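Okay, here's what each chain looks like letter by letter:
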Amino acid sequence: MTPSESNSRAPHLRPPYYGLDELGFRNIQQVYRNLAVPKLLEHALARKEGVLAANGAFCVETGKYTGRSPNDRFIVDEPFIHDEVHWNKVNVGLSPEKFDLLHRRVLAYIQGKDLYIFDGYIGSDPNYRMSVRIINELAYQNMFVHQMFIRPTAQELETHHADFTIIAVPGLQGDPGIDGINSEAFIVVSFAKKLILVGGSFYSGEMKKSAFSFMNYYMTKRDVLPMHCSANMDDEGNTALFFGLSGTGKTTLSADTSRRLIGDDEHGWSSDGIFNFEGGCYAKTIRLSREKEPEIWDAMRYGSLLENVILDEETRIPDYDDGRLTQNTRGAYPINYIPNCVIPGIGGHPIAVIFLTADAFGVLPPISKLTTEQAIYHFMSGYTSKLAGTERGITEPEATFSACFGKPFLPLSATVYGEMLAKRLEEHKETTSVYLINTGWTGGPYGVGQRFDIQDTRYMVWAALNGNLKDVKFNPHPIFKILVPESVPNVDPKILNPKNTWSDPDAYDRQATQLAKKFIENFKRFKTAEPEIIAAGPNLD
């Protein structure tokens, strides 16, 4: 038995803490560090944290919290970062005193329990990666982070020293009256102490996204643009980025049999190129099918984690069409479960940047090309629709603007990230094209029209990436001014102009005008934006 499997040969000996005592931990029952997946599964099964599905994946239910809970996320308001953080409804402050109290409650709660440690990295490029330590009370959540982040070699583990730490205790419920929070759940980031506390929610994605928020602050200090996007490349190494919120198609469209996956959700763009922050994927599985998403379907196997997926009581076969617990069913798996993935997850500067939006108004064309100014405008706008289940309380698509296609995870002003993207696009303007692709509705708004067929969307993505649009004529949209192609190989030309898909053209114009007004009103908050960026928005004259 090695130290990575157990840290005590005899139960009467106090186990080594692997430095946990330096963080204030006391009286821990047993500490397990960087257990292999089979060991973690054995522990999770023995502790009855979940069950094995017929495909070999470990299946759990996360209870009340089946998605992120943005209203329970806080940033500690410390002098270290007070003047940098963009304080708003998303970035809500918590006093250092309340954080210290909550931290003490976490340490008290953990006493007498077993703990699981994952020591690893975030950032595939060793020139920019950060070391992370994640401490879990649950074995299956430790398996989640083991599969989601970058696993160290044996030699790296010997010298590992965390740049920041996450403590996840879903069994501890916070107290709004005492802790200064909003509910029993809490996700609190202290940039000064480089410590993140996650509690009250069993949804594993809270650990992943809190780590992303941390990277979204520190990467900007190193001239790296942190991005909520997926990335892949072709056999020649030509890289593409896919921006978008959950449910817009980042994971599905980047897991492409004709291309090599770099990563499905979080990346950095440095002066050297693109690199994945993570070592795994976290895909939505609602209505997952082998026909439409074969790579993700096959990734649901031993070593993967399924959240809130209904299993047949007798056969344990997953029913991906059953959303009785949530529409936000999830599957987590290491990136090497996707065939032909890129390891390490590093690529060159992108030849294509694709913004994905699920337009619930049914107004935007399925594909359009953007000028550099339009690219920055739409990046900072981040228009999409929140889809059912992605956040608590969302039961049907809801139009929203999420700056940089990731506002919930951005501690700094959107203008910071917008300026960094503008810099990168200017540096590579001769080789990088930007497209806006609508994976939402056509023929009418949500409830009237229908969503674009995924195969049509794939054809449009392939055309953008393979250079098939170079000789195609583009026409500016009369209101949004984005450039709409007249043809795309294998796609019915009728659907390219959204107005043609509506039974009532006048109703389309009214709807488009309403959406344009929302864009204009939303962009007023970017008071320091350059005039040419503001002018790249919709035109109602």
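The model shown is predicted, which means the values in this text are computed figures rather than measured ones. (Residues numbered from 1 in each chain as written. Predicted model: local features only at pLDDT ≥ 70, side-chain atom pairs only at ≥ 80, totals over all residues. Heavy atoms only, no water.)

### Looking at the side chain of Ser 190
Moving on, step 1. In this structure, Ser 190 sits in strand 9 (residues 186-190).
Moving on, step 2. Only 3.1 Å separates the side chain of Ser 190 from the backbone nitrogen of Lys 193, close enough to count as a polar contact. (Helix = DSSP H or I, 4+ residues; strand = E, 2+ residues; numbered from the N terminus. Polar contact = N/O pair within 3.5 Å; in protein donor to acceptor, adjacent residues only side chain to side chain.)

### So, unusual backbone geometry
Moving on, step 1. Pro 344 follows Ile 343 through a cis peptide bond whose omega is -5°.
Moving on, step 2. By the element assignment, Pro 344 lies in the loop between strand 20 (330-334) and strand 21 (346-347).
Moving on, step 3. The backbone phi angle of Cys 404 is positive, close to 65°, even though this residue is not glycine.
Moving on, step 4. For Cys 404, the position within the fold is in the loop between strand 25 (398-401) and helix 10 (414-427).
Moving on, step 5. Residue Asn 490 is not a glycine yet carries a positive backbone phi of 70°.
Moving on, step 6. Residue position: Asn 490 is located in the loop between strand 30 (483-485) and helix 12 (505-523).

### Here's the deal with a negative patch on the surface
Moving on, step 1. Together, Asp 312, Glu 313, Glu 314, Asp 319 and Asp 321 line one region of the surface with negative charge.
Moving on, step 2. In this structure, Asp 312 sits in the loop between strand 18 (310-311) and strand 19 (318-319). (Patch = residues over 30% accessible without salt bridge, like charges linked within 9 Å, V, L, I, M, F, W, Y side chains within 5 Å. Areas by Shrake-Rupley, 256 points an atom, 1.4 Å probe, with all protein chains shown as cover. Salt bridge = Lys/Arg side-chain N within 4 Å of Asp/Glu carboxyl O. Lys, Arg positive; Asp, Glu negative; His and termini not counted. Charge placed at Lys NZ, Arg CZ, Asp CG, Glu CD.)

### What about the domain arrangement of the chain?
Moving on, step 1. For the chain, the assigned domains read domain 1 (20-50 + 67-223) and domain 2 (226-270 + 349-536).
Moving on, step 2. The C-alpha-based centres of domain 1 and domain 2 are spaced at 32 Å.
Moving on, step 3. Counting residues at the interface gives 24 residues for domain 1, matched by 22 residues for domain 2.
Moving on, step 4. Its largest share of buried area at the contact with domain 2, domain 1 owes to Arg 68, Phe 212 and Asp 223, together 30% of the area lost on that side.
Moving on, step 5. Where domain 1 packs against domain 2, one counts six salt bridges.
Moving on, step 6. Where domain 1 touches domain 2, the interface holds ten residue pairs in polar contact (both at pLDDT 80 or more).
Moving on, step 7. Where the side of domain 1 that touches domain 2 is concerned, the elements lending two or more residues are strand 4 (73-76) and helix 6 (205-218).
Moving on, step 8. Looking at which element gives the most residues to the side of domain 1 that touches domain 2, the answer is helix 6, with seven residues.
Moving on, step 9. Within the side of domain 1 that touches domain 2, the residues separate by chemical class into ten nonpolar, eight polar and six charged. (Domains from an automatic or database assignment. Contact = heavy atoms within 4.5 Å. Buried area = accessible area lost by both parts, 1.4 Å probe. Nonpolar A, V, L, I, M, F, W, Y, C, P; charged D, E, K, R; others polar.)

### Considerations on the pattern of salt bridges
Moving on, step 1. Enumeration over the complete set of coordinates arrives at 23 salt bridges.
Moving on, step 2. The closest approach of N and O atoms between Arg 129 and Glu 156, which form a salt bridge, is 3.3 Å. With Arg 129 in the loop between strand 6 (114-122) and strand 7 (130-136) and Glu 156 in helix 4 (residues 154-158), this residue pair connects regions lying 27 residues apart in the sequence.
Moving on, step 3. On the accessibility criterion, Arg 129 (27% relative accessible area) is partly exposed.
Moving on, step 4. Judged by relative accessible area, Glu 156 falls into the partly exposed class, the value being 22%.
Moving on, step 5. Between Lys 209 and Glu 266 there is a salt bridge; the shortest N-O distance is 3.6 Å. Highlighted residues: Lys 209 in helix 6 and Glu 266 in strand 14 (residues 266-270), separated in sequence by 57 residues.
Moving on, step 6. Accessibility expressed as a relative area gives 9% for Lys 209, which makes it buried.
Moving on, step 7. A network of salt bridges, in which partner residues are shared, links Lys 208, Lys 209, Lys 250, Asp 265, Glu 266 and Glu 278. (Buried < 20%, exposed > 50% of the residue type's maximum accessible area, 1.4 Å probe, protein only.)

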